[in-house]
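Letter by letter, the chains look like this.
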Amino acid sequence: MYTQGLDQAGKDKQLASEAEDRLSAFQARVDAEEKIEAKDWMPEAYRRTLVRQISQHAHSEIIGMQPEGNWLTRAPSLKRKAILLAKVQDEAGHGLYLYSAAETLGVSRDQMVADLLSGKAKYSSIFNYPTLSWADIGAIGWLVDGAAIMNQIPLCRCSYGPYARAMVRVCKEESFHQRQGFDIMHALCSGSDKQKAMAQDALDRWWWPSLMMFGPNDSESKHSAQSMAWKIKRFSNDELRQKFVDVTVQQADFLGLSIPDDDLQFDDTTGHYTFGEIDWQEFLDVIAGNGPCNRQRLEKRKQAHDDGAWVREAAQEYALKQAARTAA
Ligand SMILES: [Fe+2]
Ligand SMILES: [Fe+2]
């Protein structure tokens, strides 16, 4: 009995040291900036973190089509309509690349969609705010796509290869989105007083939710440290938020708009803008499903999913027919 006990303990020790070796070999690859690929060994928690992050990102792209889609039929000119149509289509494409990247980690597209529709999976809280005027389309491109770029450029260097490669193309398109938003704001700010007031009103409503897009303060962010060690994340939430504020305040100045924050100040000693406290209760409420448009967004997505059932069935049948033909 005693000897058997020792054998078991020895085996356990052996297994534990093998697991430790695998883990340190993995971390060494990450530290050496090697890309981790789909078939490589990875810690289960790394895989789960990526599935959560990439699927959440994909859902945000898809749900994000709704607030802008709302203005496709009411764009002020044919040119603006064509540009917005292209932008909304780009977002659909981003969702598709990202679902594909997540699938390489062993989760099915059906499962991800089911989690979105059941409310289990989250998407960016920003898309639960309504688009009340045409200026909101400008503010979304300028601020929301602008914040997305700040977050996503470092993801091009993410340690997980399929995610990093998807982000390269996504970022190129996001930069066009940001410019088209700024261009709308610029046109409105160079127009009549009424148009400029529309632009200011949109900035007033979208500014704080845009700052919330970077997530909780570093002191409250539970996944940050591990994600940084795994090189999934390169900068902390607060660092990215600061970069965004520093760039955007100067763009608002150029437009002649004022940022709705009485505490905003340029700090000569740090070279950065200091800004007021974010209303974190509002952020938590929106994440919990109680934002202005949460229910509407999910209902619309469910409807679109149901309406598209025949397309999925037809594609499935076609694939079966093709497979049968090849086999014959
Ligand atoms: Fe996008
Ligand atoms: Fe975008």
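Every value quoted in this text rests on a predicted model; they were computed, and no experiment measured them. (Residues numbered from 1 in each chain as written. Chains lettered and ligands numbered in written order. Predicted model: local features only at pLDDT ≥ 70, side-chain atom pairs only at ≥ 80, totals over all residues. Heavy atoms only, no water.)

### Some points on the overall build of the protein
This is how it is decided: A run of DSSP states H or I qualifies as a helix once it reaches four residues; a run of E qualifies as a strand once it reaches two. Both are numbered from the N-terminal end. Here's how the labels work: a residue is buried when its accessible area is under 20% of the maximum for its type, exposed when over 50%, partly exposed in between, all with a 1.4 Å probe on protein chains only. Should any heavy atoms of two residues lie within 4.5 Å, those residues are counted as being in contact. Throughout, the Shrake-Rupley method with a 1.4 Å probe supplies accessible areas, and for residues the shown protein chains are the sole cover considered. Asp and Glu count as negative and Lys and Arg as positive, but His and the ends of the chain are not part of the count. Positions of charges follow a simple convention, taking NZ of Lys, CZ of Arg, CG of Asp or CD of Glu.
A tally of helices and strands in the protein yields 13 helices and two strands. Counting only C-alpha atoms and orienting by the principal axes, one finds that the protein spans roughly 90 × 65 × 35 Å. Classification of the 328 residues of the protein by burial places 45% in the buried group. Long-range pairs, those at least 24 residues apart, make up 78% of the contacts in the protein with a sequence separation of at least 6. In the structure as shown, the protein presents an accessible area of about 17600 Å², 55% of it carried by carbon and sulfur atoms. Each charge class in the protein was averaged separately, 39 positive and 46 negative side chains, and the resulting centres sit 7 Å apart.

### Let's talk about the coordination of the iron ion (ligand 1)
Note the threshold: Atoms of type N, O and S within 2.8 Å of a metal are treated as its donors, and for Na, K and Ca the window is 3.2 Å; water is not considered, so some sites may appear to be missing partners. Irregular is the default label, applied whenever a site is not tetrahedral (four donors, all angles between 85 and 135 degrees) and neither square planar nor octahedral (four or six donors, opposite donors over 155 degrees apart, all other angles between 65 and 115).
Distances from the iron ion (ligand 1) to its protein donors, Glu61 (OE), Glu91 (OE), His94 (ND1) and Glu174 (OE), fall within 2.0 to 2.2 Å. Around the iron ion (ligand 1) sit four donor atoms; with metal-centred angles ranging over 85 to 141°, the donor geometry is irregular. Sequence positions of the donors to the iron ion (ligand 1) reduce to the motif E-x29-E-x2-H-x79-E. In this structure, the iron ion (ligand 1) is positioned 3.3 Å from the iron ion (ligand 2), and both are ligated by Glu91. Of the two residues, Glu61 is situated in helix H2 (residues 44-63) and His94 in helix H4 (residues 78-103); the sequence distance between them amounts to 33 residues. Here Glu61 and His94 have matching classes, each one buried.

### Details of the coordination of the iron ion (ligand 2)
Every protein donor of the iron ion (ligand 2) is accounted for by Glu91 (OE), Asp145 (OD), Glu174 (OE) and His177 (ND1), and the metal-donor separations fall at 2.0 to 2.2 Å. One chain supplies every donor to the iron ion (ligand 2), and in sequence these donors are spaced E-x53-D-x28-E-x2-H.

### Regarding helix H6 (residues 134-152)
Rule in force here: Multiply 1.5 Å by the residue count of a helix minus one, and that product is the helix's expected span. The angle between axes fitted to the seven-residue stretch ending at a residue and the seven-residue stretch beginning at it gives the bend at that residue. Any pair of nitrogen or oxygen atoms within 3.5 Å is treated as a polar contact; in protein, a donor-acceptor pairing is required on top of that, and neighbouring residues in sequence qualify only through side-chain atoms on both sides.
Compared with the 27 Å implied by 1.5 Å per residue over 19 residues, the 26 Å span of H6 between its first and last C-alpha is a close match. In H6, a bend of some 35° at Ile140 exceeds every other bend along the element. Of all 19 residues in H6, 18 are buried, a share of seventy percent or more. Near the N-terminus of H6, the side chain that reaches the backbone nitrogen of Ala135, with its oxygen 3.1 Å away, is that of Ser133.

### Describing the packing of aromatic side chains
The line we're drawing: Stacked, tilted and edge-to-face are the three classes assigned to paired rings of Phe, Tyr and Trp, where Trp is represented by its six-membered ring and a pair needs centres within 6.5 Å; plane angles under 30 degrees give stacked, over 60 edge-to-face, the rest tilted.
Inspection of every chain in the model, using the stated rule, returns ten aromatic pairs. Taking the centre distance of 6.1 Å and the plane angle of 70° together, the rings of Trp142 and Phe182 count as edge-to-face. Separated by 40 residues along the polypeptide, Trp142 in helix H6 and Phe182 in helix H7 (residues 161-189) bring together distant segments of the chain. With a relative accessible area of 18%, Phe182 lands in the buried category.

### Considerations on the side chain of Lys87
Mapped onto the elements of the fold, Lys87 is located in helix H4. In terms of polar contacts, Lys87 uses its side chain to reach the side chain of Glu68, at 2.7 Å. Among all residues touching Lys87, those that are not within four sequence positions of it are Glu68, Ile140, Asp145, His177 and Gln180.

### Focus on the packing of H4 against H7
Inclusion rule: As a rule, the C-alpha atoms of each element are fitted with a line to give its axis, helices using only the stretch in contact, and angles between N-to-C directions run from 0 to 180 degrees. In this scheme, roughly parallel covers angles under 35 degrees and roughly antiparallel covers those over 145, while 65 to 115 is roughly perpendicular and the rest are oblique. Left-handed describes a crossing whose near helix is turned anticlockwise from the far helix through less than a right angle; right-handed describes the clockwise counterpart. By the convention adopted, Pro, Cys, Tyr, Trp, Phe, Met, Ile, Leu, Val and Ala count as nonpolar, Lys, Arg, Asp and Glu as charged, and the other residues, Gly among them, as polar.
Relative to each other, H4 and H7 sit at 160°, their axes nearing to 10 Å. Compared by their axis directions, H4 and H7 come out roughly antiparallel. Here H4 runs over H7; the crossing is left-handed. Classifying every residue of the contact of H4 with H7 gives twelve nonpolar, three polar and eight charged.

### Looking at the environment of Lys122
Looking at where Lys122 falls in the secondary structure, it is placed in the loop between helix H5 (109-118) and H6. Of the residues examined, Lys122 reaches a relative accessible area of 37% and is grouped as partly exposed. Remark: the alpha-carbon pair of Lys122 and Leu50, spanning 72 residues in sequence, is separated by 14 Å. Excluding its chain neighbours within four sequence positions, the residues that come into contact with Lys122 are Gln56, His59 and Ile287.

### Some remarks on unusual backbone geometry
Even without a glycine there, the phi angle at Glu33 is positive, about 65°. Positionally, Glu33 belongs in the loop between helix H1 (2-31) and H2. The backbone of Lys231 shows a phi angle near 60°, a positive value even though the residue is not glycine. Within the secondary structure, Lys231 is located in the loop between helix H9 (224-229) and helix H10 (237-255).

### A word on the side chain of Ser133
Among the secondary structure elements, Ser133 is positioned in the loop between H5 and H6. For Ser133, a relative accessible area of 13% translates into the label buried. Of the polar contacts made by the side chain of Ser133, one reaches the backbone nitrogen of Ala135; its length is 3.1 Å. Not counting residues up to four positions away in its chain, the partners in contact with Ser133 are Trp71, Met198 and Arg205.

Functional significance is not addressed by these values, which are geometric in nature.
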